[in-house]
Amino acid sequence: SRRMERAFLRAGVTAVHVDAHTSTARRDEVFRAFRARSIEVVCNVELVTEGFDFPDLECVIIARPTQSVALIGCLPSARGDRRSLPASRAVRWLAL
């Protein structure tokens, strides 16, 4: 997640990493900024999944290393799961 954050920052995208060790106050601050669109990307490890409801969410990147298409299909994706990824695209993504 931290590597993803650095990659986005190098590309000029406003990104912030949060994890289980991030204080609740800091997480709240990050998510407020994300909803206000002053942060474009929130990088995390299985922190923003079920229970995170942001209907205007445009993209969810699940960068978890796995060989399992079934696992990718089961991962909750912060309400971004309304627009599903076809299995053929998941398989192609896994091959990258």
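Provided above is the structure to which this section pertains.
Residues numbered from 1 in each chain as written. Predicted model: local features only at pLDDT ≥ 70, side-chain atom pairs only at ≥ 80, totals over all residues. Heavy atoms only, no water.

Concerning the overall build of the protein chain
Rules: Put simply, DSSP H or I for four residues or longer makes a helix, DSSP E for two residues or longer makes a strand, and each gets a number counted from the N terminus. In this scheme, a residue with accessible area under 20% of its type's maximum is buried, one over 50% is exposed, and one in between is partly exposed, where area comes from a 1.4 Å probe on protein chains only. Contact definition: two residues touch when any of their heavy atoms are within 4.5 Å. Only the protein chains shown count as covering a residue, and every accessible area follows the Shrake-Rupley method with a 1.4 Å probe.
In terms of helices and strands, the protein chain carries four helices and two strands. Of the regular secondary structure in the protein chain, the N- to C-terminal order runs α-β-α-β-α-α. Per-residue burial for the protein chain yields a buried fraction of 28% across its 96 residues. Sequence separation of at least 24 residues holds for 49% of the intrachain contacts in the protein chain that already meet a minimum separation of 6. For the protein chain, the exposed area adds up to about 6,900 Å²; of that, 52% sits on carbon and sulfur atoms.

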